[in-house]
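Close look at the chain arrangement
The chain contents come next:
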Protein chains: 2
Amino acid sequence: MMEFKKLVPYREALKLLLDDINEIEDTEKVPLREAVGRVLAEDIVTEFDIPPFDRAAVDGYAIRAEDTFQAREYNPIELTVIEEVPAGNVAKEEVTTGKAIKVLTGTRIPKGANAVIMQEMVKREGDKIYVLRPVAPGQNIAFTGEDVKKGEVVLRKGTILRPQDVAMLKALGIKKVPVKVKPKVGIIITGSELIEEPSEEGFKEGKIVETNSIMLQGLVEKFFGEPILYGVLPDDESIIKETLEKAKNECDIVLITGGSAFGDKDYAHKFVNLLFHGTTIKPGRPFGYGEKVFIMSGYPVSVFAQFNLFVKHALAKMVGAQNYEVKVKAILQDDIPSQLGRYEFIKIYYENGIARVIKKKGSGILSSLLASNAYLEIPEDSEGYRRGEEVWITLY
Amino acid sequence: MMEFKKLVPYREALKLLLDDINEIEDTEKVPLREAVGRVLAEDIVTEFDIPPFDRAAVDGYAIRAEDTFQAREYNPIELTVIEEVPAGNVAKEEVTTGKAIKVLTGTRIPKGANAVIMQEMVKREGDKIYVLRPVAPGQNIAFTGEDVKKGEVVLRKGTILRPQDVAMLKALGIKKVPVKVKPKVGIIITGSELIEEPSEEGFKEGKIVETNSIMLQGLVEKFFGEPILYGVLPDDESIIKETLEKAKNECDIVLITGGSAFGDKDYAHKFVNLLFHGTTIKPGRPFGYGEKVFIMSGYPVSVFAQFNLFVKHALAKMVGAQNYEVKVKAILQDDIPSQLGRYEFIKIYYENGIARVIKKKGSGILSSLLASNAYLEIPEDSEGYRRGEEVWITLY
């Protein structure tokens, strides 16, 4: 009878795995509208200043600040408005002493002007304005390059693009963004006990509804991958072997669930040259990895833990994604005893700084995943935490 | 000359707005594969227990626990294996005293058995197994309804569906999920100064590259909406009026940028019966709302703040989304003085519990959005915070 001779410590297993996974080289160019959520494949360097010219930051009058230094409530300074620039135009005239040009927000600062006074701050009569307070040089001007300077790296390789990042790319004149190609992730589900939907008959025969495929598809998509489903296979050694070969040929990595232990029906590990098999993680101990194949459990909660502790990090490395996790500090509302020697994956419900432990145990308990929105990792050498302690958790 | 007579306090403005926005009634059924990110329109109640039967939680032998109570290392108890259940099958025999049936993880517990002993815990010889330690009743059995009980609400209306939620829906036999229809969000961009891409010529004429449309499209999609773009309009009163009417007819809400202030080119507010116009938020003060129309600024950073402080909450209300924001506690690394009377939207870079203030000022400064991943709200009556203080921030 086989079993795990030695459980590989989590950090060691993760290192073995990540050392074997390479960042993929392939990039593609996608239109801006499809770029949100994708991972930038190159540093983006600006080729011009933004703003590209000094411009008005408010609606008002472009003036020479010096003209207003003596302005007081009791000593209004009169300036003559020599031009009014319509929206989207530039001034034809130049501002000289005693003169002003009416500008709108965004208007290029007219020659000779070095400040803009807000229109609400002056009194206008005919072509005259009256300034009641001094205006500082540079006031209400958005200067050339104030947002981004020519030659500056404005977005770094590895950025997971957000709407505001894409807005900047548009400002730079980029129409198609170089992003990492999504890694192809083969998903193989095994288990003769699995059925596609619940039925009285199926239950009588002891069958279980298969849920790992749709969960893994969603998780893979969330973490930059393109899931490719290879079906739900019976516990048949030759079918599993054949499908695994096919998936390995067609995909960058392969996730196979249900064959991770040493039960009579667990074949997957036989067909792969494993770097390790059996780790200290709990749940999910029978996890194994080799030849880009992730040998995962059948239980949804174990699969979920294995995804978060291993697959997620591998996918992030493959596309070079930065900051793909949100870690927050939270105060524990419960004691969590932890087993020495095991690296525990504790399901947490996080809200407003408080971490509550989801108590439902058992790696088949899907409802415990639904009730949680974060996880806490407890290393092998820790006996756990006490209520009131501050811990770092990772949001799903 | 018009201007804001009184700025409406942020909370008051938000309440006026949300009171005017209704949850939309329309729901649609989408396949599970398209449900991630959508908002559940109904409570989901289970129609059967999960698991639907007592099942083995490990590979091993289904036995009567009582048979093993005297088992010791020095007093092994012999049991006869009367059947081996293959994967995906059920036992034909019944377990009686002195008997055992070999089961796999997930196998329905055979009649007569009340515990499962892991196969690693017994010694097997021929059709006999030897038990060395007592087994407790119920051990290694996943009981009927342990995950979810019949009649239980397993997912609540308003849940933003995640891969694990969808897995549960599959377990329940749900093939199409009732979700809220995405609110149609019209986006109108105004400004004669706007061009579609940067060009020397455009810059010479004082033009600015338009970036709000793509940013708003991405933000609307992130927060449950379907963006519909009505183009980039020149500052032409009749064109704006006409487009606004069209968008109001076709959409659930309308966002219009660039016409929010009282500048000569700011028309939008003239065509809408506003509930309020001008709020204490900073940046983004000229925001106005009425008749499902959101009158927004032209500056990207103001638009971004207005989206987060108003539009996001409106969209969440329209679809009834719960927990659509992540709030975390962070330690400030910088002093933040704040203007009394203004509700400040402070851009933050959050990492590992530390909040750093993004210093670039100016509502045109798109790069400040790129550098940030969270925001801090400072109410009107606060003079700000000091370095080292703990504050609540909202992650983008």
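The rules behind each value
Residues numbered from 1 in each chain as written. Chains lettered and ligands numbered in written order. Predicted model: local features only at pLDDT ≥ 70, side-chain atom pairs only at ≥ 80, totals over all residues. Heavy atoms only, no water. Pairing = 2+ DSSP bridges. Helix = DSSP H or I, 4+ residues; strand = E, 2+ residues; numbered from the N terminus. 1 Å grid on protein atoms, 1.4 Å probe; cavity = no way out; pocket = protein on both sides within 12 Å on 5 of 7 lines; lining within 4 Å. Points joined across faces, edges and corners; volume = space filled by probe spheres on them. Nonpolar A, V, L, I, M, F, W, Y, C, P; charged D, E, K, R; others polar. Buried < 20%, exposed > 50% of the residue type's maximum accessible area, 1.4 Å probe, protein only. Axes fitted to C-alpha atoms, helices over the stretch in contact; angles between N-to-C directions. Left-handed = near helix turned anticlockwise from the far one by under 90°. Contact = heavy atoms within 4.5 Å. Buried area = accessible area lost by both parts, 1.4 Å probe. Salt bridge = Lys/Arg side-chain N within 4 Å of Asp/Glu carboxyl O. Polar contact = N/O pair within 3.5 Å; in protein donor to acceptor, adjacent residues only side chain to side chain. Least-squares fit on C-alpha atoms with pLDDT ≥ 70 in both. Phe/Tyr/Trp six-rings, centres within 6.5 Å; stacked < 30°, edge-to-face > 60°. Parallel < 35°, antiparallel > 145°, perpendicular 65-115°, else oblique. Domains from an automatic or database assignment.

Quick look at the pairing of strand S4 (residues 60-63) of chain A now. It is a general feature of regular strands that their side chains alternate between the two faces of the sheet. All names here are of chain A. Bridging between S4 and strand S6 (residues 99-103) involves three bridges; their strand directions are antiparallel. When the sheet's bridge partners are listed, Tyr-61 is paired in S6 with Lys-102. Examined bridge by bridge, S4 and strand S7 (residues 115-118) share four bridges and lie antiparallel to one another. Following the sheet pairing, Gly-60 is matched in S7 by Met-118.

Here we come to the sheet that holds strand S13 (residues 184-190) of chain A. What links the strands of a sheet is backbone hydrogen bonding, and the strands pair in either a parallel or an antiparallel sense. All names here are of chain A. In space, the six strands of this open sheet follow the order S16-S13-S17-S21-S20-S18, with mixed pairing throughout. In the strand order of this sheet, the two ends are held by strand S16 (226-233) and strand S18 (276-277), each with one partner. Where strand S20 (residues 288-290) meets strand S21 (residues 293-296), three bridges bridge the pair, whose relative direction is antiparallel. Within the sheet, the bridge partner assigned to Gly-288 lies in S21 and is Ile-295.

As a further point, take empty space enclosed by the protein. Taken as a whole, this structure holds two cavities of 30 Å³ or more when the rule is applied. The space that makes up the largest cavity amounts to roughly 90 Å³. Taken together, A:Lys329, A:Ala330, A:Ile331, A:Gly353, A:Glu390, B:Lys329, B:Ala330, B:Ile331, B:Gly353 and B:Glu390 make up the full set of residues lining the largest cavity. Sorting the residues of the lining of the largest cavity by element identifies strand S22 (327-332) of chain A together with strand S22 (326-332) of chain B as the ones contributing at least two each. Tallied by class, residues from the lining of the largest cavity come to four nonpolar, two polar and four charged. Roughly 30 Å³ of internal volume is contained in the second largest cavity.

Moving on, we come to unusual backbone geometry. Following A:Ile50, the chain continues into A:Pro51 via a peptide bond in cis, with omega recorded as -10 degrees. Note that A:Pro51 resides in the loop between strand S2 (44-45) and strand S3 (55-56). Cis rather than trans, the peptide bond between A:Lys282 and A:Pro283 has omega equal to 0 degrees. Looking at the secondary structure, you find A:Pro283 in the loop between strand S19 (281-282) and S20. Unusually for a residue other than glycine, B:Glu291 sits at a positive phi of about 50 degrees. Topologically, B:Glu291 is positioned in the loop between strand S20 (288-290) and strand S21 (293-296). Here B:Asn352, not a glycine, exhibits a phi torsion of approximately 45 degrees, which is positive. With respect to the secondary-structure elements, B:Asn352 resides in the loop between strand S24 (343-351) and strand S25 (354-357). Using a relative accessible area of 45% as the deciding quantity, one classes B:Asn352 as partly exposed.

The strand order across the open sheet built from six strands is S16-S13-S17-S21-S20-S18 (chain B), with neighbouring strands paired in mixed fashion. The two strands at the open ends of the sheet, each matched to only one other strand, are strand S16 (226-233) and strand S18 (276-277) of chain B.

Attention shifts here to the packing of helix H1 (residues 10-20) of chain B against helix H6 (residues 300-319) of chain B. All names here are of chain B. Their axes nearest at 10 Å, the elements H1 and H6 cross at an angle of 35 degrees. Every pair of crossing elements has a handedness; the one defined by H1 and H6 is right-handed. Residue-level inspection shows Tyr-10, Ala-13, Leu-14, Leu-17, Leu-18 and Asp-19 of H1 in contact with H6, the latter providing Leu-309, Phe-310, His-313, Ala-314 and Lys-317. Taken together, the residues of the contact of H1 with H6 sort by class into eight nonpolar, one polar and two charged.

Listed by partner, the interface residues are 96 residues for chain A and 96 residues for chain B. Interface area, chain A with chain B, both sides summed: about 7300 Å², of which 58% is carbon and sulfur. Counting every contact that joins chain A to chain B gives eight salt bridges. Residue B:Lys170 is joined to A:Glu196 by a salt bridge in which the shortest nitrogen-to-oxygen separation is 3.2 Å. The tally of links between chain A and chain B comes to 26 residue pairs in polar contact (both at pLDDT 80 or more).

The next subject is the side chain of B:His313. Residues and elements named next belong to chain B. Within the secondary structure layout, His-313 lies in helix H6. Classification of His-313 by relative accessible area gives buried; the value is 12%. For His-313, the contacting residues outside a window of four places in its chain are Tyr-10, Leu-14, Leu-18, Asn-308, Tyr-324 and Glu-325.

This part covers the relation of the copies chain A and chain B. The operation relating chain A to chain B is a screw motion whose rotation component is 180 degrees, with 0.0 Å of axial translation and a residual RMSD of 0.1 Å. Taken together, the rotation angle and the small translation identify this as a two-fold axis. When C-alpha positions in chain A are compared against the rotation axis, the closest is assigned to A:Val328, at 3.3 Å. Interface overlap between copies: 99% of the residues of chain A at the interface are likewise at the interface in chain B, consistent with a symmetric, same-surface contact.

A separate point is the pairing of S24(B). Residue and element names in this part refer to chain B. Taking burial as the measure, the nine residues of S24 include eight buried ones, the bulk of the element. Note that S24 and S25 share four bridges and pair antiparallel. Bridge pairing links Tyr-350 to Ala-355 in S25.

Time to look at the packing of aromatic side chains. Counted under the stated rule, the structure contains 32 aromatic pairs over all chains. Here B:Tyr10 and B:Phe310 contribute two aromatic rings whose centre-to-centre distance is 5.2 Å and whose plane-to-plane angle is 75 degrees, an arrangement assigned as edge-to-face. Taken together, the residues span a long stretch of sequence, with B:Tyr10 in helix H1 and B:Phe310 in helix H6 at a distance of 300 residues. In this structure, B:Tyr10 and B:Phe310 share a single accessibility class: buried. An aromatic cluster is defined as three or more aromatic residues linked by ring pairs; in this entry it consists of A:Tyr10, A:Phe276, A:Phe287, A:Tyr289, A:Phe294, A:Phe310 and A:Tyr343.

Time to look at the packing of helix H4 (residues 212-222) of chain A against helix H6 (residues 300-319) of chain A. Residues and elements named next belong to chain A. H6 packs onto H4 with a crossing angle of 25 degrees between their chain directions and a minimal axis gap of 11 Å. Between H4 and H6, the interaxial angle falls into the category roughly parallel. The two elements H4 and H6 cross, and the hand of that crossing is right-handed. Within the contact between the two elements, H4 uses Asn-212, Met-215, Leu-216, Leu-219 and Val-220 and H6 uses Pro-300, Val-303, Phe-304, Phe-307 and Leu-315. Considering only residue class, the contact of H4 with H6 consists of nine nonpolar, one polar and no charged.

All names here are of chain A. For the coordinates displayed, the defined rule picks out 53 salt bridges over all chains. The residue Arg-64 makes a salt bridge to Asp-67 at a minimum N-O spacing of 3.9 Å. For Arg-64, a relative accessible area of 23% gives the class partly exposed. One salt-bridge network, held together by shared partners, links Arg-11, Lys-312, Glu-325, Lys-327 and Glu-377.

Attention now goes to the domain arrangement of chain A. With domains assigned, chain A is organised as domain 1 (10-25 + 182-319), domain 2 (27-51 + 146-180), domain 3 (55-142) and domain 4 (326-395). Between the C-alpha centres of domain 1 of chain A and domain 3 of chain A the distance comes to 67 Å.

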